[in-house]
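Chain by chain, the residues:
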Amino acid sequence: MSHPPAMTILEQIKQRTDVPVVVTDQQGFVTYVNERFCAVFGWSAAEIRGQLITAIIPDSFHASHHLGFSRFLTTQKSTILNHPMRLKGVTRDGRQIEAEHLIAAEEHQGEWVFMATLRPLLPLDG
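First, a word on scope: everything that follows refers to the structure included in this document. (Residues numbered from 1 in each chain as written. Predicted model: local features only at pLDDT ≥ 70, side-chain atom pairs only at ≥ 80, totals over all residues. Heavy atoms only, no water.)

Details of the overall build of the protein chain
Here is step 1: A count of helices and strands for the protein chain gives four helices and five strands.
Here is step 2: Each helix (α) and strand (β) of the protein chain, taken in turn from the N terminus, gives the series α-β-β-α-α-α-β-β-β.
Here is step 3: A globule of 126 residues ought to have a C-alpha radius of gyration of about 14 Å, and the protein chain, at 15 Å, matches this closely.
Here is step 4: Considering the protein chain as a whole, with its 126 residues, one finds that 35% of them fall into the buried category.
Here is step 5: Of all intrachain contacts in the protein chain linking residues separated by at least 6 positions in sequence, the fraction that spans at least 24 positions is 42%.
Here is step 6: When the accessible area of the protein chain is evaluated, it comes to approximately 8,000 Å², of which 54% is carbon and sulfur surface.
Here is step 7: Seen as two clouds, the 11 positive and the 13 negative side-chain charges of the protein chain have centres 4 Å apart. (Helix = DSSP H or I, 4+ residues; strand = E, 2+ residues; numbered from the N terminus. Rg over C-alpha atoms; globule rule 2.2 N^0.38 Å. Buried < 20%, exposed > 50% of the residue type's maximum accessible area, 1.4 Å probe, protein only. Contact = heavy atoms within 4.5 Å. Areas by Shrake-Rupley, 256 points an atom, 1.4 Å probe, with all protein chains shown as cover. Lys, Arg positive; Asp, Glu negative; His and termini not counted. Charge placed at Lys NZ, Arg CZ, Asp CG, Glu CD.)

As structure tokens, this is what we get:
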């Protein structure tokens, strides 16, 4: 009798409904967001899917994001993966939300997939 394979980190994160979740491909394009992400950040899944992740990163962090992203793809080493960080995320209407970001990466069929939970740190209006 065969056992089902262990759930991947990606599958586990996609099951989260209590915090905003975003997933990107190796090129940085958003491939998945959950309903909580849409509620907090104001994007519909259709609007954000296919956009670069920098759409939700403040402009002042774009350079360091690109540097870290390309360094990881070259070395497959990271100082930020799997460590909670206080960062800001940008909503659809341009507001910035401070959130605890927990970013993970997982290889699927030779391509890296990046995923993050973005737990807001301040109470949200509405």
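The rest of the description comes next.
Describing the sheet that holds strand 5 (residues 111-120)
Here is step 1: The strand order across the open sheet formed by five strands is 2-1-5-4-3, and the pairing between neighbours is antiparallel. Two strands close off the open sheet at either side, each with one partner strand: strand 2 (30-33) and strand 3 (85-90). On average, adjacent strands in this sheet sit at an angle of 35 degrees to one another, irrespective of strand direction.
Here is step 2: Examined bridge by bridge, strand 1 (residues 21-24) and strand 5 share four bridges and lie antiparallel to one another. Within strand 5, the residue paired with Thr 24 across the bridge is Phe 114.
Here is step 3: Most of the contacts of helix 4 (residues 62-75) go to strand 5, to which it runs at about 140 degrees, and overall it touches strand 4 (96-108) and strand 5. (Pairing = 2+ DSSP bridges. Axes fitted to C-alpha atoms, helices over the stretch in contact; angles between N-to-C directions.)

Thoughts on the side chain of Glu 106
Here is step 1: Here Glu 106 is to be found in strand 4.
Here is step 2: Nearest to the buried, unbridged Glu 106 among oppositely charged side chains is Lys 14, at 9.4 Å.
Here is step 3: At a separation of 2.8 Å, a polar atom in the side chain of Glu 106 contacts the main-chain amide nitrogen of Ile 9.
Here is step 4: When neighbours within four sequence positions are excluded, Glu 106 is seen to be in contact with Thr 8, Ile 9, Leu 10, Glu 111, Trp 112, Val 113 and Met 115. (Salt bridge = Lys/Arg side-chain N within 4 Å of Asp/Glu carboxyl O. Polar contact = N/O pair within 3.5 Å; in protein donor to acceptor, adjacent residues only side chain to side chain.)

Let's talk about the packing of aromatic side chains
Here is step 1: Counted by the stated rule, this structure contains four aromatic pairs.
Here is step 2: Judged by centre distance (4.9 Å) and plane angle (45 degrees), the rings of Phe 69 and Phe 114 are tilted. Taken together, the residues span a long stretch of sequence, with Phe 69 in helix 4 and Phe 114 in strand 5 at a distance of 45 residues.
Here is step 3: With 5.5 Å between their ring centres and 75 degrees between their planes, Phe 72 and Phe 114 make a pair best called edge-to-face. With Phe 72 in helix 4 and Phe 114 in strand 5, this pair connects stretches of sequence that are 42 residues apart. In this pair, the class of Phe 72 matches that of Phe 114, namely buried.
Here is step 4: Taken together, Phe 69, Phe 72, Trp 112 and Phe 114 form an aromatic cluster joined through their ring pairs. (Phe/Tyr/Trp six-rings, centres within 6.5 Å; stacked < 30°, edge-to-face > 60°.)

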